[in-house]
Amino acid sequence: MRASEQRHRPANRIVNDPYAKLFLGPMLRAALATWEASGRLGDLADRFAPGLVTWVLCRHRYIDDCLLGALAGNAEQVVVLGAGYDMRAYRFARELGDRPVFEVDYPATSQRRARILARHRGELPAADVRIVEMDFQADSLSDRLRGAGFRQGSRTFFVWEGVAMYLSREAVKHTLTELRELSAAGSKIALDLWRLPEGGDLFSAATRFSANALDLIGEPVTFAIHPEDAGPFLERLAYRVLEIAESPTLEQRYVRDRRRVYGAAYLVHAATGRARAKKAEAAGEDSPL
């Protein structure tokens, strides 16, 4: 989806990722070329989930903007959880300067990515990328990050894209708590969350169906929370919500044509607030989530 967006004029691109195409295998490259030539990529995806392509692009762009804001501020390091084929370390190498980017993912994905990037090393700008390979079911995120040179207690920007909806509620809470405890107060995170659309219109019905269809490809949605509940949920974990961006906001901010944004997901930009957590602990508060 990110690779296909390059066919648009720069002014009309939702996100600009010239490196996305590097990770496509021969079959996907051929399929992308065919879909681009016919102009049918968006149509095909919209039959499965209306607005999904545009959502993925807007999600990436929104997190880009949050990251750039953090880098213009006082962020000292960046962590990308479930990095996959994220190329922000290279796309924003100038803005990052000498600040490290810790890319956390399963070994198989990290190793394939490393092989591909090695073949294109001459095309990439210099960046301080720290690969953190781990099994999320068995390894400690804190231990792995520290072993890669992560500075505990420093201002950090966390990217958590396309992951939380596939975890359990407890796993989401545990991860958010661990990130807060690892970083300085005022560190920031951008993540996407999923909700069940409530409308009776065809668009809402199609969106509900698309979530069920994900189960067929082995990626069932296991954690859903309404935007109205996301703020209190994060506040109980000692985060301060800076913005909740739903599809109308994303469309207004980033879409310059008639594309629609998938309505079952939204984005959250939040900051850690360790002082509040300590105050609650001292008072013996233990609110159930």
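Residues numbered from 1 in each chain as written. Predicted model: local features only at pLDDT ≥ 70, side-chain atom pairs only at ≥ 80, totals over all residues. Heavy atoms only, no water.

Asks: Outline the pairing of strand E7 (residues 265-272), supporting the account with residue identities and numerical values.
Replies: Side chains on a regular strand alternate between the two faces of the sheet. Buried residues dominate E7, accounting for 8 of its 8 residues. Residues Ala 265, Leu 267, His 269 and Ala 271 line one face of E7 and the alternating positions Tyr 266, Val 268, Ala 270 and Thr 272 line the opposite face, and both faces are buried. With 7 bridges joining them, strand E5 (residues 188-194) and E7 adopt antiparallel strand pairing. Note on E7: the bridge partner recorded for Lys 188 is Ala 271. Inspection of the sheet shows strand E6 (residues 239-245) paired to E7 by 6 bridges, in the antiparallel sense. If you follow Ala 245 over to E7, its bridge partner there is Leu 267. (Buried < 20%, exposed > 50% of the residue type's maximum accessible area, 1.4 Å probe, protein only. Helix = DSSP H or I, 4+ residues; strand = E, 2+ residues; numbered from the N terminus. Pairing = 2+ DSSP bridges.)

Asks: Summarise the packing of aromatic side chains; cite the residues concerned and give the values.
Replies: Using the criterion set out here, one finds 3 aromatic pairs in the structure. Centre to centre, the rings of Phe 223 and Phe 233 are 5.8 Å apart; their planes meet at 45 degrees, and the pair counts as tilted. Pair noted here: Phe 223 is in the loop between helix H9 (202-214) and helix H10 (227-236) and Phe 233 is in helix H10, with a separation of 10 residues, a long-range link. With respect to class, Phe 223 is no different from Phe 233; both count as buried. (Phe/Tyr/Trp six-rings, centres within 6.5 Å; stacked < 30°, edge-to-face > 60°.)

Asks: Give a description of the pairing of strand E3 (residues 129-133) that names residues and reports values.
Replies: Alignment of strand E2 (residues 101-105) against E3, held across 5 bridges, turns out to be parallel. Within the sheet, the bridge partner assigned to Phe 102 lies in E3 and is Arg 130. The parallel pair E2 and E3 is bridged by helix H6 (residues 107-119), and the resulting crossover is right-handed. (Right-handed = clockwise from strand over helix to strand, strands pointing away.)

Asks: Tell me about helix H11 (residues 247-254), residues and numbers included.
Replies: Of all the residues in H11, the buried ones are Ser 247, Leu 250 and Tyr 254. The buried residues of H11 occupy one face: seen down the axis, they fall within an arc of 60 degrees. Exposed residues on H11 whose side chains face more than 90 degrees from its buried face are Pro 248 and Gln 252. Summarising the contacts, the buried residues of H11 are in contact with helix H3 (52-72), E6 and E7. (Arc of directions from axis to C-beta. Contact = heavy atoms within 4.5 Å.)

Asks: Describe in detail the sheet that holds E2, supporting the description with residues and values.
Replies: Judged by pairing direction, the sheet is mixed, and its 7 strands sit side by side in the order E3-E2-E1-E4-E5-E7-E6 without closing on themselves. Both outer strands of the open sheet, E3 and E6, are each paired with one neighbouring strand and no more. For this sheet, the mean inter-axis angle between neighbouring strands, taken without regard to orientation, is 20 degrees. Sheet analysis places strand E1 (residues 77-81) next to E2, joined by 4 bridges and oriented parallel. Along E2, the bridge assignment pairs Leu 81 with Val 104. Helix-sheet contacts for helix H8 (residues 169-182) involve E1, strand E4 (156-160), E5, E6 and E7, and the interaxial angle to E4 is about 160 degrees. (Axes fitted to C-alpha atoms, helices over the stretch in contact; angles between N-to-C directions.)

Asks: Describe the nonpolar core, listing the residues and the values that go with them.
Replies: Ranked by internal contacts, the top residues of the largest apolar core, which has 44 residues, are Trp 55, Val 78, Phe 157 and Leu 250. Residue assignment for this core shows that the elements contributing at least two residues are H3, E1, helix H4 (88-91), H6, E4, E5, H11 and E7. A total of 12 residues in this core trace back to one element, the largest contributor, which is H3. If we skip the residues at most four places from it in the chain, Leu 250 touches Trp 55, Cys 58, Tyr 62, Ala 245, Val 255, Val 261 and Leu 267. (Core = buried A, V, L, I, M, F, W, Y, C linked by side-chain atoms within 4.5 Å.)

Asks: Lay out the packing of H8 against H10 with the relevant residues and their values.
Replies: Between two packed helices, what matters for the description is the angle formed by their axes and the separation of those axes. The geometry of H8 relative to H10 is characterised by a closest axis approach of 10 Å and an angle of 55 degrees between their N-to-C directions. Our classification of the angle between H8 and H10 gives oblique. Remark: the crossing between H8 and H10 carries right-handed chirality. Counting all contacts with H8, which are made through Arg 169, Val 172, Lys 173 and Leu 176, the residues of H10 involved are Phe 233, Leu 234 and Arg 236. Considered class by class, the residues forming the contact of H8 with H10 number 4 nonpolar, no polar and 3 charged. (Parallel < 35°, antiparallel > 145°, perpendicular 65-115°, else oblique. Left-handed = near helix turned anticlockwise from the far one by under 90°. Nonpolar A, V, L, I, M, F, W, Y, C, P; charged D, E, K, R; others polar.)

Asks: Before we move on, could you go through the side chain of Arg 99 and cite the residues and values that matter?
Replies: Tracing the backbone through its elements, the reader meets Arg 99 in the loop between helix H5 (93-96) and E2. Polar contacts involving the side chain of Arg 99 include one to the main-chain carbonyl oxygen of Leu 71, which spans 3.0 Å. A distance of 2.7 Å separates a polar atom in the side chain of Arg 99 from the backbone oxygen of Glu 95. (Polar contact = N/O pair within 3.5 Å; in protein donor to acceptor, adjacent residues only side chain to side chain.)

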